[in-house]
Amino acid sequence: MIEFKNISKWYGDFQVLNNCSARIEKGEVVVVCGPSGSGKSTLINTVNGLAPFQEGEIYVDGISVGDPSTNLSKLRSRIGMVFQNFELFPHMSVIKNITIGQVKVLGRNIEDARERGLKYLDRVGLLAHKDKFPGLLSGGQQQRVAIARALSMDPLAMLFDEPTSALDPEMINEVLDVMVDLAQEGMTMIVVTHEMGFARKVADRVIFMDMGRIVEDCTKTEFFTTKRSVRAQSFLEKIIH
Amino acid sequence: MFGNFDFDVIQRSWVYLFTTGMAFTLKLTVLAMAGGILLGTLLAVMRLSSIRMIPAAAATYVNVIRAIPLVLVIFWFYFLVPYIGAWIIGSDQPIKVGAFMSSLITFTMFEAAYYCEIMRAGIQSIPRGQISAGLALGMTNSQTMINIILPQAFRNMLPVLLTQSIILFQDVSLVYVLSITDFVGAASKVAQRDGRMVEMYIFVAVVYFLMSFGLSLLVRRREKNTTVTS
């Protein structure tokens, strides 16, 4: 469903992605981890064209992301994205946050969008907060709204860019629970995270990156038990105490 | 000390001063403010555009306007607009514009340069992640700008925009160079007719002070409110 073919990307002289190749099948949950600055966020930002790349090809559902004739907006509307800093729109109520994309991008009418939005809001357990503004919600609640916003667009796949890194520890689980449910329902997911518990529980595969390269791409059993590079080994030792 | 002054002139003329003079001043201020903010926002978006030449064109406009005294712009526009208009529609005769339209166009274009810089700062104050979030939902660049970025930029900059508009309110008095009967124009007509210059101009100053100061107090209150809720 999502295929990276030899992706390389530079910021000026600095190479952030170095010849990255990977394939994510429909329904797979792939966790991307690695030290900071290793290019993992950049890698998932290339999937929906938010980060342009200079070399290689990415195909999402058969559509080439790098092709200048691709309608990027249309492609993005089919890929959900959840950000580290939530990025809810602070000038809109929760329900407006969830309906605006459906109305402006998918052309749904307001009632349909609202109904669907309320359904997803209920699913993340925040129906009672539908008319509040994001600034009044906790970080964990905001991130759950952000997930509902992405889901309401009926995405083919979901990208999570360190979804729990900006949260207080006691709020991490409420977000992870929503993500676990989603994974178990068969959503295709690429998740950049350091939450190894999440990876153990639901990941099909783990991609380990270092200095812009994909160092490991293996099943979670392989990653957590047997075959492991020295670099991945030392990374894991540092983050699991 | 005020023994020789006759403040009765105010009592005799205030209805005229406000219904004719101040009405014109407020009408011009409000319309030029609306037009200026609209044009200024457009210029701000142009200055931040990544399309070649567009930012340079908008920057040139802003820098030229801000480097010329307002009185000159008012003067030049009053005489030039009829000819520019004629040139645009291809007429041989200068078109009839009238002092009000001419000054409205002038103030809109002049103030737009200042509103542009305010809106530009406002747009730049919005975290880049908001743009990513809009784009990630599948919005186009302009949908993201209109629905996500501009409303937040406008809300953040509202106090500054209003402060600039108070300056505009005072600047409107410069239309006296076109012999227009704005508040100052009306007052000077009465002052010259009755020979009561000092009294009239003191009165005009007091009215401008009260209105501008009152408005800026309102802005400050509004500023407090926005910082509390966001």
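Above: the structure in question.
A few points on the structure. (Residues numbered from 1 in each chain as written. Chains lettered and ligands numbered in written order. Predicted model: local features only at pLDDT ≥ 70, side-chain atom pairs only at ≥ 80, totals over all residues.)

What follows deals with unusual backbone geometry. Backbone geometry at Phe86 of chain A places phi at a positive 65°, although glycine is not the residue there. Within the secondary structure, Phe86 of chain A sits in the loop between β6 (79-82) and α3 (94-104). Residue classification places Phe86 of chain A among the buried positions, given that 24 C-beta atoms sit within 10 Å. Even without a glycine there, the phi angle at Met53 of chain B is positive, about 75°. Note that Met53 of chain B resides in the loop between α1 (8-47) and α2 (54-66). (Helix = DSSP H or I, 4+ residues; strand = E, 2+ residues; numbered from the N terminus. Buried ≥ 20, exposed ≤ 12 C-beta atoms within 10 Å, placed from the backbone.)

What follows covers the nonpolar core. One finds Val32, Val47, Met189 and Ile190 of chain A together with Cys116 of chain B to be the most contacted residues of the largest nonpolar core, which totals 108 residues. By size, the runner-up hydrophobic cluster in this structure holds ten residues, among which are Leu17, Val190, Met200 and Phe203 of chain B. (Core = buried A, V, L, I, M, F, W, Y, C linked by C-beta atoms within 7 Å.)

The subject of this paragraph is the sheet that holds strand β10 (residues 213-219) of chain A. Residue and element names in this part refer to chain A. The strand order across the open sheet formed by six strands is β6-β7-β8-β3-β9-β10, and the pairing between neighbours is mixed. Among the strands making up the open sheet, the edge pair consists of β6 and β10. Mean inter-strand twist for the sheet, computed between neighbouring axes without regard to direction, equals 15°. Across six bridges, the pairing between strand β9 (residues 205-210) and β10 is antiparallel. When the bridges of β10 are listed, Met209 appears paired with Ile214. (Pairing = 2+ DSSP bridges. Axes fitted to C-alpha atoms, helices over the stretch in contact; angles between N-to-C directions.)

Every contact between the two is made by 17 residues of chain B and, on the other side, 19 residues of chain A. Classifying every residue of the side of chain B that touches chain A gives seven nonpolar, nine polar and one charged. (Contact = placed C-beta atoms within 7 Å. Nonpolar A, V, L, I, M, F, W, Y, C, P; charged D, E, K, R; others polar.)

Time to look at the sheet that holds strand β1 (residues 2-11) of chain A. All names here are of chain A. Pairing within the open sheet is antiparallel, and its four strands lie in the order β2-β1-β4-β5. Two strands lie at the open edges of the sheet, namely β2 (14-24) and β5 (63-64), each paired on one side alone. Summarising the sheet, β1 and β2 pair through seven bridges and their orientation is antiparallel. What sits directly across from Trp10, in β2, is Gln15.

Residue and element names in this part refer to chain A. Burial analysis of strand β7 (residues 157-161) places five of its five residues in the buried class, which makes it a mostly covered element. Here β7 shows no split at all, with Ala157, Leu159 and Asp161 on one side and Met158 and Phe160 on the other all buried. Across four bridges, the pairing between β6 and β7 is parallel. Note that in β7 the partner of Gly80 across the bridge is Met158. Note: β7 against strand β8 (residues 188-192), five bridges, orientation parallel. Each bridged residue has a counterpart across the sheet, and for Ala157 the counterpart in β8 is Thr188. Each parallel crossover has a hand, and for β7 linked through helix α6 (residues 169-184) to β8 it is right-handed. (Right-handed = clockwise from strand over helix to strand, strands pointing away.)

As far as function goes, none of this settles anything; it's purely spatial.
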